[in-house]
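If you want the building blocks of each chain, they are given just below.
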Amino acid sequence: MTDAIDPAMEIADLKAQIDDLYASIDIFFVLTMGIVCFLMQAGFGLLEVGSIRAKNASNIMLKNMMDASVSAVAYYLIGYSIAYGTDGSNSFIGGTSLMALNTLSPVDYIYWFFNYVFAGTTATIVSGAVCERCQFKAYLIYSFALAGFIYPVCSHWIWDSSGFLNGKVYDFAGGGAVHMVGGVAAAVGAYILGPRKGKFIYSEEKGKKVPVEIPGHNATLAVLGTLILWFGFFAFNGGSSYTIAGEAQYLATGRAVVVTTLGGAFGGMLTMFWGYFATGAWDIAWVINGLLGGMVATCSGANAQEAWAAVIVGLLGAAVTQSQVLLFEHVLFIDDPLNASAVHLGAGAVGMIWVAFCANPEYAGEDFTGIFYGGSWSFLGWQIVGMIAYSSWTMLTSGLLFGGMNYMGWFRISDEEEEVGIDITEHGGKAYPLDDEWMSKASVEEESVEKVAA
Amino acid sequence: MTDAIDPAMEIADLKAQIDDLYASIDIFFVLTMGIVCFLMQAGFGLLEVGSIRAKNASNIMLKNMMDASVSAVAYYLIGYSIAYGTDGSNSFIGGTSLMALNTLSPVDYIYWFFNYVFAGTTATIVSGAVCERCQFKAYLIYSFALAGFIYPVCSHWIWDSSGFLNGKVYDFAGGGAVHMVGGVAAAVGAYILGPRKGKFIYSEEKGKKVPVEIPGHNATLAVLGTLILWFGFFAFNGGSSYTIAGEAQYLATGRAVVVTTLGGAFGGMLTMFWGYFATGAWDIAWVINGLLGGMVATCSGANAQEAWAAVIVGLLGAAVTQSQVLLFEHVLFIDDPLNASAVHLGAGAVGMIWVAFCANPEYAGEDFTGIFYGGSWSFLGWQIVGMIAYSSWTMLTSGLLFGGMNYMGWFRISDEEEEVGIDITEHGGKAYPLDDEWMSKASVEEESVEKVAA
Amino acid sequence: MTDAIDPAMEIADLKAQIDDLYASIDIFFVLTMGIVCFLMQAGFGLLEVGSIRAKNASNIMLKNMMDASVSAVAYYLIGYSIAYGTDGSNSFIGGTSLMALNTLSPVDYIYWFFNYVFAGTTATIVSGAVCERCQFKAYLIYSFALAGFIYPVCSHWIWDSSGFLNGKVYDFAGGGAVHMVGGVAAAVGAYILGPRKGKFIYSEEKGKKVPVEIPGHNATLAVLGTLILWFGFFAFNGGSSYTIAGEAQYLATGRAVVVTTLGGAFGGMLTMFWGYFATGAWDIAWVINGLLGGMVATCSGANAQEAWAAVIVGLLGAAVTQSQVLLFEHVLFIDDPLNASAVHLGAGAVGMIWVAFCANPEYAGEDFTGIFYGGSWSFLGWQIVGMIAYSSWTMLTSGLLFGGMNYMGWFRISDEEEEVGIDITEHGGKAYPLDDEWMSKASVEEESVEKVAA
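Residues numbered from 1 in each chain as written. Chains lettered and ligands numbered in written order. Predicted model: local features only at pLDDT ≥ 70, side-chain atom pairs only at ≥ 80, totals over all residues.

1. Some remarks on the confidence of the model for chain A
Residues and elements named next belong to chain A. Averaged over all residues, the pLDDT of chain A is 94; the fraction at 70 or higher stands at 96%. With pLDDT under 50 throughout, residues 444-454 is counted as low confidence; its partners more than four residues away or in other chains account for 19 contacts. As scored by the predictor, the complex reaches a pTM of 0.96 and an ipTM of 0.95. (pLDDT = per-residue confidence, 0-100. Contact = placed C-beta atoms within 7 Å.)

2. A look at the pairing of strand 1 (residues 200-203) of chain B
Residues and elements named next belong to chain B. Examined bridge by bridge, strand 1 and strand 2 (residues 208-211) share four bridges and lie antiparallel to one another. Among the inter-strand pairings, serine 203 is bridged to a residue of strand 2, identified as lysine 208. Counting the residues that bridge the hairpin from strand 1 to strand 2 gives four residues, and of these glycine 207 lies at a positive phi of roughly 70°. (Pairing = 2+ DSSP bridges. Helix = DSSP H or I, 4+ residues; strand = E, 2+ residues; numbered from the N terminus.)

3. Digging into helix 4 (residues 109-130) of chain B
All names here are of chain B. Across its 22 residues, helix 4 extends 33 Å between first and last C-alpha, which sits within 8% of the 32 Å expected from 1.5 Å per residue. In terms of burial, helix 4 is largely enclosed, as 21 of its 22 residues are buried. Residue glutamate 132 follows helix 4 closely and has a positive phi angle near 75°. (Expected span 1.5 Å × (residues − 1). Buried ≥ 20, exposed ≤ 12 C-beta atoms within 10 Å, placed from the backbone.)

4. What to know about the packing of helix 8 (residues 247-279) of chain C against helix 10 (residues 307-332) of chain C
Packed helix pairs are characterised by how far apart their axes lie and by the angle those axes make with each other. Residues and elements named next belong to chain C. One way to put it is that helix 8 packs onto helix 10 with a least axis distance of 7 Å and a crossing angle of 40°. Between helix 8 and helix 10, the angle falls in the class oblique. Relative to helix 10, the crossing made by helix 8 is right-handed. On helix 10, the residues that touch Val258, Val259, Leu262, Gly263, Gly264, Phe266, Gly267, Leu270, Thr271 and Trp274 of helix 8 are Ala307, Ala310, Val311, Val313, Gly314, Leu315, Gly317, Ala318, Ala319 and Gln322. Taken together, the residues of the contact of helix 8 with helix 10 break down into 13 nonpolar, seven polar and no charged. (Axes fitted to C-alpha atoms, helices over the stretch in contact; angles between N-to-C directions. Parallel < 35°, antiparallel > 145°, perpendicular 65-115°, else oblique. Left-handed = near helix turned anticlockwise from the far one by under 90°. Nonpolar A, V, L, I, M, F, W, Y, C, P; charged D, E, K, R; others polar.)

5. Here we look at the environment of leucine 62 of chain B
One can find leucine 62 of chain B in helix 3 (residues 57-84). The sequence separation of leucine 62 of chain B and glutamate 419 of chain B amounts to 357 residues, and the corresponding C-alpha distance is 20 Å.

6. Structural notes on the relation of the copies chain C and chain A
In summary, the two copies of the chain are related to each other by a rotation about an axis coupled with a shift along it. Under the fitted operation, chain C is carried onto chain A by 0.0 Å of movement along the axis and a turn of 120°, and the coordinates agree to an RMSD of 0.0 Å. In symmetry terms, the pair is related by a three-fold rotation axis. A low fraction, 9%, of the interface residues of chain C reappear at the interface in chain A, so the copies pair through non-equivalent surfaces. (Least-squares fit on C-alpha atoms with pLDDT ≥ 70 in both.)

7. A word on helix 6 (residues 175-193) of chain B
The end-to-end C-alpha separation of helix 6 of chain B is 25 Å, in line with the 27 Å expected for 19 residues at 1.5 Å each. Positive backbone phi, at 80°, marks glycine 194 of chain B, one or two positions downstream of helix 6 of chain B.

8. Thoughts on the relation of the copies chain B and chain A
Each copy of the sequence occupies a distinct position, and chain B is placed on chain A by a rotation of 120° and an axial shift of 0.0 Å, giving an RMSD of 0.0 Å. Little of the interface of chain B is mirrored in chain A: 9% of its interface residues are interface residues there too.

9. Topic: the interface of chain B and chain A
Counting from both sides, the interface comprises 70 residues of chain B and, opposite them, 65 residues of chain A. Residue composition of the side of chain B that touches chain A, by class: 45 nonpolar, 14 polar and eleven charged.

10. Re the packing of helix 4 (residues 109-130) of chain C against helix 5 (residues 136-159) of chain C
Residues and elements named next belong to chain C. Contact pair helix 4 / helix 5: the axes reach a minimum separation of 9 Å and the direction vectors enclose 135°. In terms of orientation, helix 4 and helix 5 fall into the oblique class. When the axes of helix 4 and helix 5 are compared, the crossing they make is right-handed. Contacts from Ala119, Gly120, Thr122, Ala123, Val126 and Ser127 in helix 4 reach Tyr139, Tyr142, Ser143, Leu146, Ala147, Tyr151 and Pro152 in helix 5.

11. Examining the interface of chain C and chain A
Facing the 65 residues of chain C at the interface are 70 residues of chain A. When residues of the side of chain C that touches chain A are traced back to their parent elements, those giving at least two are helix 1 (7-38), helix 2 (40-50), helix 3 (57-84), helix 4, helix 15 (422-427), helix 16 (437-445) and strand 3 (451-452) of chain C. Looking at the side of chain C that touches chain A, the element that brings in the most residues is helix 1 of chain C, giving 16 residues. When its residues are assigned to classes, the side of chain C that touches chain A shows 45 nonpolar, twelve polar and eight charged.

12. Examining the environment of valine 70 of chain B
All names here are of chain B. Its location among the elements puts valine 70 in helix 3. Overall, the presence of 27 C-beta atoms within 10 Å leaves valine 70 in the buried class. Distance in space between the C-alpha atoms of valine 70 and methionine 33 is 21 Å, their sequence separation being 37 residues. Those residues within four positions of valine 70 in sequence are excluded, and the remaining contacts are Leu140, Ser143, Phe144 and Ala147.

Shown next, in the form of structure tokens:
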């Protein structure tokens, strides 16, 4: 030991640097996962556009792009503060301290970003359920409301330390707070809007109302969107711990990613075979339902369960998703063109319940010991309380929102607009004009035109 | 303390390992941001292809793919050395030491990669402005020139320690060196090429020349491209510090990502509403202009400003972008089919100026104290010097380049080719042939064919 | 030094934390590279769908989505264990210990994920070669077999410490174990299936059998897919070291990414010019062959060679790829619609051989000193042993697999199905139905329908 060095001071310096490194890795991790997750907006857009008719393609794509914008504005102005702000916060709702990121600690910028991406996801889930018949301004309004208010309140309950579900309900990556909330709002929106014209018809032969399949215009893009969503789901579930630095942390992340993979893969396999036996075809929509439902079902306990449990919850999530699809189509006659509610509400609920059984206390903590590991049934009770809270709140607020817009005449487009397509009536033209259409358009616009400029 | 351990040596070892960790995180960070950023080539390609006519789709997609290739070759052979090489370097231009990565330090490989992606971005900006009427070989030539020479010189000025703007101009992520350079070259190219046939016509009614909208053939892909660009922008701005390890570093990165988000989101909102009041439709092209313009405007000071400043610069960037679009279309009659110059030049300039006002010295350093924080007006003066330098250089060099190619007859395609579409005349066939077209093609090619092989 | 601190204990603590940080960075790295790499499934899907006829678009996209699912199931149940399991393992094959991830160490979850993505890639290579004429259930069967058995055995040989090629053959990112294996299986599948109807015709004029070009239906998506594959390749080659923490580690990763970039860029340039001189057009398919072939050729030695060597191997890989394309089309009359075998087998073999020449012992270790660096020719000998082993094994197993399915009548669709398109015969409808097709469909389905429900 030389005279020049004081080990205690040196060691204190090193400790500070090591803490700095831990923090750096985690911030980098949250950033990367947030960026990957952001691309889910493109995934949702493509899945939606491919699954609907060409005449409404611009509408749904613009909707997804604006969803990312409106959510950012809403989450910046009020959403994040409603979730995590302090002045005036209580167990039900956050305070005003973080509005416009006013007093946001510099280190929390990156958490704002990740949470904004989640808020945008919640809002975008709804768009699939109300597409092809919803006014564009209604999209703008409900995106703002969902990302700025409805979802932030739910996330306050579960993820803010003062929330009344915090520490009692286990909802790791938002199978409840994101997916069930989005899925309930989707169902309420689709119900209030009513079905697309011609979706349900009365069959003399069968003596009852039956659904008619309205095929999407581009299966290629629908599958591309699903693959991008899968890509994003790794980050959605993987990133939800906000940390990967440290052994317990990276083990949890690795587990979450494998659980996500298996949930989706087994879910997709199940509905592929079910669809084949039910329809005689290897049907893309069935596979997508199962794949996404399987992944959504892993969200609540992605970091808390073993691989075998992921296989089971993926199968259960896919089964419940497809069952809800059939229920909406054949019994309730609710027209959800993207099956958004089934994928997010049905499978989200499966995941919320399943975690009460499969949570390994080694991963989830002693307070969240799953029933399979000798845990108490009150764990399940609290999960159900959480589900009821999310659902009731979302049903109430989105019911008021969509009902109010409906009452004002701001929600559903007219029959003529639905016939022609929203792209022409609201967005100035078709999504896929032929190469020469501009010529006739120009000649209509400029009847007096006589010579082409040099 | 045991005998076996010499704390001083142990501590020295630990220090070395900690330095190693800092470096590892930063390299990993630059790699990840570079990879994300690379996908912007796909984003540009999709935005461009969706915004033009189907008959030139293969052309523009191949152009984007070759842009990534040509830029890599050019930046490998000469570009990186012109920017950062030493032998013979001066304040204007780098030296020859790094040609073909000759004496490149191993640690700099990853920086080459990130900078190559930026060089490719600069080159690809131009393609939108000259599309639908530019010869394919002209693309190859100017991509090489931009990525290998014009852009590297500008990046030498600002980012090489010997550059004459280094330490005087603040241009964090290249709002000037990338976007203004690309935007000026785009404007020069579009001006020299002249408008597409039928773009501007003389209206008897109005008694003046008016623009005709030539709609793109696929709005879905245009929006997808914009979302991928947004995804890439997080890495473009987030990664430009080359470092995330350390508190100051990760705070800066977090800020840059939030600033990017807000700039884009508010910019897109502004032009969405402006477009609605101007055209009566929720117009996709207007939204894209504002979104991208808002993000470009954040580039120069992405890490140096507060969230509220990002809101303002996003709005300003979007407003100037859309204004330049209208100026080009209605006053100057320059046909830039993608509004590439407006998005990159107009908004890039806004960001260069804005940073002189909004730069927080706590983030940007005392030498770059924004005017709002009591800084000197000479900061603004230097920003303007930088803007003039970038613009003059690019105008001169790209003017010579495009003018020279035009003089040689290598730049614009013939009227017949423009009528038929470049895919058929230069690329061997249409981008979207119908399923049976190969049959007739085959029979034409092989008139003597009589029997189909088993 | 205060009394309260025992430096030795403190130092031991710090050491443990530093080890923890190294591990955290590496796990985060493998996760990120795996996620990026996963998107290659979308890249393959788009390249394939764009390169074939519209009538089979749903089929190929669903195939890619199920490939990701089936591979996950197969690799979970048996594949990973066959590669790296211990009970009963030998130099040829792994054991049963890791089936269903049974005894998988928690830290290995993330490695399972990365390796699963590779297994899926191997399986998906084949789909390009057999597309437009392969039954859907055959896809499911061979995906399971490739990802669950054929590929895992090869990866055991080379990457498991007990494998008989381990330590003797240099195959960093699987130019042999992934690409050659996929490429051989693709060739065997395409050969056994036979060409698409009308692909090869007898030309009276030329007096011989000639190929007919069957153009893909969407060049835009084919290029998009290629750009996504390029994006993914950075992670495929960059991530194959599983580590970036530490100087040697991050230098290797940086080199691998630059090598990948240059290999692809120079390869694409070569075939672009070659294609131009051969066909008179700037042909997209030629460029794609060279770009992908150039990148595949870098895989075996991505981390072991200098930049100049990457330029050479990129050019060689592209040249061999395109030569194999011409050989299959004009001499062997094997119909591989995506040139999958040429890109992966031809260029993979180039990379396996090249590494024996170019491997810098400073990077690859003394045991792998390239011939250019004074190494022994036995290095080349072992590379050839590896290539023969991979190829023979894959030819045998895939021959049995495809031959067996063919014998059972499970492999090729009927002539009528090929005429109509697989989307209608196996997947319930066209990928791109027109907006009104559902109306006629509905009226056919429900002839008795008389009134539309409210």
